[in-house]
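Structure at a glance
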Amino acid sequence: MASTETTAKTPSGAAAFNVERIRADFPILFREVYGKPLVYLDNGASAQKPRAVLDAIDHAYKMEYANVHRGLHYLSNTATAKFEEAREIARRFLNAPSAEQVIFTKSITEAINLLSYSFGADFKEGDEIVLSIMEHHSNIVPWHFLRERKGCVLKWAPISDDGVLALEAFEKLLSPRTRLVAITHMSNVLGTVVPIKEVVRIARTRGVPVFVDGAQAAVHMPIDVQDLDCDFYAFTGHKVYGPTGIGVLYAKKKHLDAMPPFLGGGEMIETVTTDNVTYGATPHKFEAGTPAILEGIGLKAAIEWVERIGYPAIAAHEARLTEHAIARMSAIEGVSILGRAQDRGGVISFTLDRAHAHDVATLLDRQGIAVRAGHHCAEPLMRRFGLDGTARASFAAYTTEAEVDALADALVRVRQFFA
Ligand SMILES: Cc1ncc(COP(=O)(O)O)c(C=O)c1O
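So, here is what we can say about the structure in this document. (Residues numbered from 1 in each chain as written. Predicted model: local features only at pLDDT ≥ 70, side-chain atom pairs only at ≥ 80, totals over all residues. Heavy atoms only, no water.)

1. Notes on the overall build of the chain
Basically, it comes down to this: Runs of E in the DSSP output that reach at least two residues are strands. Runs of H or I that reach at least four are helices, and both are numbered from the N terminus. Three exposure classes are used, based on accessible area relative to the maximum for each residue type with a 1.4 Å probe and protein chains only: buried under 20%, partly exposed in between, and exposed over 50%. Contact between two residues is taken to exist if any of their heavy atoms lie within 4.5 Å; hydrogens are not considered. Only the protein chains shown count as cover for residues, and all accessible areas are computed by the Shrake-Rupley method using a 1.4 Å probe.
Along the backbone of the chain there are 14 helices and 19 strands. Structurally, the chain occupies a C-alpha span of about 70 × 55 × 40 Å along its principal axes. Burial analysis of the chain (419 residues in total) assigns 55% to the buried set. For the chain, the share of sequence-separated contacts (at least 6 apart) that also reach a separation of at least 24 residues comes to 70%. Counting only carbon and sulfur atoms, one obtains 54% of the accessible surface of the chain, whose full area is about 17500 Å².

2. Considering the site of the ligand
Convention followed: Here a residue is considered near a molecule or strand provided that any single heavy atom belonging to it is located within 4 Å of it. Polar contact is the term for a pair of N or O atoms within 3.5 Å; when the atoms are in protein, one must be able to donate a hydrogen and the other to accept it, and sequence-neighboring residues count only if both atoms are side-chain atoms. Here a cavity denotes grid points, spaced 1 Å and computed from the protein atoms alone, that fit a 1.4 Å probe unable to get out, and a pocket denotes an open set having protein on both sides within 12 Å along at least 5 of 7 lines; residues with an atom within 4 Å of a point are the lining. If over half the atoms of a molecule are within 2 Å of the grid points of a cavity or pocket, the molecule is regarded as sitting in it. Residue polarity is assigned by list, with Asp, Glu, Lys and Arg as charged and Ala, Val, Leu, Ile, Met, Phe, Trp, Tyr, Cys and Pro as nonpolar; anything else, Gly included, falls into the polar class.
With respect to spatial proximity, the complete set of residues near the ligand consists of Ser107, Ile108, Thr109, His136, Ser138, Asn188, Asp213, Ala215, Gln216, Thr236, His238 and Lys239. Within the side chain of Thr236, one N or O atom sits 2.7 Å away from an oxygen atom of the ligand. Compared with its free state, where it exposes 400 Å², the ligand has 86% of that area covered by protein. More than half of the atoms of the ligand fall within 2 Å of the grid points belonging to the largest pocket. Here the residues of the shell around the ligand sort into 2 nonpolar, 8 polar and 2 charged.

3. Describing helix α14 (residues 401–418)
As a reminder, the rule being used: The length a helix should cover is 1.5 Å for every residue beyond the first. Note that the arc is computed from the directions linking the helix axis to the C-beta atoms.
An ideal rise of 1.5 Å per residue puts 26 Å on 18 residues; α14 measures up with 26 Å between its terminal C-alpha atoms. When α14 is considered as a whole, its buried residues turn out to be Glu403, Val404, Leu407, Ala408, Ala410, Leu411 and Val414. The buried side chains of α14 occupy one side of the element, clustering within an arc of 165° when seen end-on. Residues of α14 that are exposed and point over 90 degrees away from its buried face: Ala402 and Gln416.

4. Quick word on the layout of surface pockets
Left-over empty space is what a probe sized like a water molecule reveals as it rolls over the atoms. The cut-off we apply is this: Grid points are joined across faces, edges and corners, and a volume is the space filled by probe spheres set on the points.
As a volume, the largest pocket reaches approximately 350 Å³. If you go around the largest pocket, you meet 25 residues; those closest to its centre are His136, Asn188, Lys239, His376 and Cys377. Of all elements in the fold, only α4 (108–118) and β18 (372–374) reach the threshold of two or more residues within the lining of the largest pocket. When residues in the lining of the largest pocket are grouped by element, the largest group, 3 residues, is from β18.

5. Topic: the nonpolar core
Basically, it comes down to this: Note on terminology: a nonpolar core comprises buried Ala, Val, Leu, Ile, Met, Phe, Trp, Tyr and Cys residues joined through side-chain atoms within 4.5 Å.
Val181, Tyr233 and Tyr241 are the most contacted members of the largest nonpolar core, which has 84 residues in total. Of all the elements, helix α10 (residues 293–309) adds the most residues to this core, at 10 residues. Sequence-distant contacts of Val181, defined by excluding residues within four places in its chain, comprise Val130, Phe170, Leu174, Val199, Ala203, Val208, Pro209, Val210 and Phe211. In terms of nonpolar packing, the next biggest core, distinct from the first, is built from 27 residues, Ala361, Ala393, Ala410 and Leu411 among them.

6. Structural notes on helix α12 (residues 357–365)
Because each turn of an α-helix spans 3.6 residues, side chains separated by three or four positions in sequence point in the same direction. Residues of α12 that are buried include every one of Ala357, Val360, Ala361 and Leu364, and no others. Viewed end-on, α12 has its buried residues packed into an arc of 95°, placing them on one side of the element. Looking at the buried residues of α12, the elements they touch are β16 (347–352), β17 (369–370), β18, β19 (390–394) and α14.

7. Digging into the packing of helix α3 (residues 74–94) against α10
A pair of packed helices is captured by two measures, namely the crossing angle of their axes and the spacing between those axes. Definition in use: Under this scheme, a helix contributes an axis fitted over its contacting stretch, all axes are lines through C-alpha atoms, and angles between N-to-C directions fall in the 0 to 180 degree range. The scheme is simple: roughly parallel for angles under 35 degrees, roughly antiparallel for over 145, roughly perpendicular for 65 to 115, oblique for anything else. In this scheme, a crossing is called left-handed if the near helix is turned counterclockwise away from the far one by less than a right angle; it is called right-handed if the turn is clockwise.
At a closest axis distance of 8 Å, the pairing of α3 and α10 adopts a crossing angle of 40°. Put simply, α3 runs oblique to α10. Crossing geometry of α3 relative to α10 is assigned as left-handed. Of the residues in α10, those in contact with Lys82, Phe83, Glu85, Ala86, Ile89, Ala90, Arg92 and Phe93 of α3 are Ile293, Gly296, Ile297, Lys300, Ile303, Glu304 and Glu307. Residue classes in the contact of α3 with α10 are distributed as 8 nonpolar, 1 polar and 6 charged.

8. Looking at the packing of aromatic side chains
For the record, the criterion: For Phe, Tyr and Trp, where Trp contributes only its six-membered ring, two rings pair if their centres lie within 6.5 Å, and the inter-plane angle classes them as stacked under 30 degrees, edge-to-face over 60, or tilted in between. Think of it as a cone above the ring: NZ of Lys or CZ of Arg counts as a charge over the ring if it is within 6 Å of the ring centre and within 35 degrees of the ring normal.
Following the criterion strictly, the structure yields 13 aromatic pairs and no others. With 6.2 Å between their ring centres and 40° between their planes, Phe93 and Tyr311 make a pair best called tilted. Of the two residues, Phe93 sits in helix α3 while Tyr311 sits in helix α11 (residues 311–330), which places them 218 residues apart along the sequence. Given a relative accessible area of 8%, Phe93 falls into the buried group. Tyr311 sits in the buried class, given a relative accessible area of 7%. Three or more aromatic residues joined by ring pairs make a cluster, and in this case those are Phe26, Tyr241, Trp305 and Tyr398. Cation over ring: Arg384 sits above Phe385, and NZ or CZ is 4.7 Å from the ring centre.

9. Some thoughts on empty space enclosed by the protein
With the rule as written, the count across this model stands at 1 cavity of 30 Å³ or more. The computed volume of the largest cavity comes to approximately 60 Å³. Here the residues of the lining of the largest cavity sort into 6 nonpolar, 5 polar and 1 charged.

10. What to know about the environment of Asp127
Mapped onto the fold, Asp127 is located in the loop between α4 and β7 (128–132). Classification of Asp127 as buried rests on a relative accessible area of 5%. Discounting residues that sit within four places of it in the chain, Asp127 has contacts with Asp122, Cys152, Val153, Arg177 and Arg179. For Asp127, the side chain forms a polar contact with the main-chain nitrogen of Lys124, separated by 2.7 Å.

11. Thoughts on unusual backbone geometry
The amide bond that connects Thr282 to the next residue, Pro283, takes the cis arrangement and shows omega of 5°. Its place among the elements puts Pro283 in the loop between β14 (277–279) and α10. In this structure, Asn95 is a non-glycine residue whose phi angle is positive, near 50°. As for its placement among the helices and strands, Asn95 is situated in the loop between α3 and β6 (102–105). Of note in this structure, Asp353 is not a glycine but carries a positive phi near 45°. Locating Asp353 in the fold gives a position in the loop between β16 and α12.

Keep in mind these values describe shape, not function.
Structure below.
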């Protein structure tokens, strides 16, 4: 179960950031692809997993595995305790007031579907949901479901050409019919960080609840749902160095108590008779069936790994990389970077002359560099910029400046290929 020490303490007690020691925690980073060292710059899609996560899952399967919540035996009690510890760690990660406000789902996508089904249960025809134009499809399609099923209206907050949310225009979209604002904390395409406190403040003046999609933000910055004062916040485990198959939805207690369950089955009931069913209390009311036990335990290990390094250090490292990457890439003729927000994370979308993004990504891949290309599940945003797609490089705690340089050098070669 031992995990590699990733940080050393400075005299002031703060953790010193050492990217090589961090990399040592990730076995996959030492493999080659096509005989070249792997340069993994697809972290916005999913992060690699540190040994601490792999070991925690391996140990739990080997020594502590049983189903949770139902057993009266030792292993079941151990697994339950570990799983509930994971909920407590997720609570701490979000600074949620209580663990009962932390619901495990299989992903953020499932969390948003839960929200649209359960919180949207009493939405009526003509009720409005305000989104931003830079949402991921995960935070669009579940709201289209309400449009299709109930006749709800989707309204779209615009952004500037730099990729910054237009707050005044957003405010004007709010009306007496607005039932929810559903907005990203950080764009998975532009890297833009949205001023959520300001969004919540504006929505509050109209009594409108706010859901925040933290899929990208929770990887790069500390999240404090009490400080943000949002009604709902969600993130997905696999982007925060954790396993796939686990997501987290936080909600204010008053909403959870009022919302009907999403899925039905074991674990979520109080009593079931042939004529009736009553539901358990949150969070179990929203967790039907056997939960993602090992994935929860892996998520706990991932959060603890992040906490050992600390977000101030990770954020400072990623900010340095992003600045360096923007400087290097901007100097390459033909490269255009999409999104120039001041407050941004380590996600850089770009186009190269008129080359198709898939071709750019394929040519980078042959040089060992993994980036994503396409519409990034953000078609309305692509349309906003008149693009079919972009290539996207995204950074993590283990990304090095040398890898950013490798990307820039490779882009020069890709450009020569198209010349
Ligand atoms: C901003 C944003 N929201 C939601 C998602 C969906 O995450 P998942 O596929 O883990 O549900 C992503 C994934 O890329 C994302 O970037």
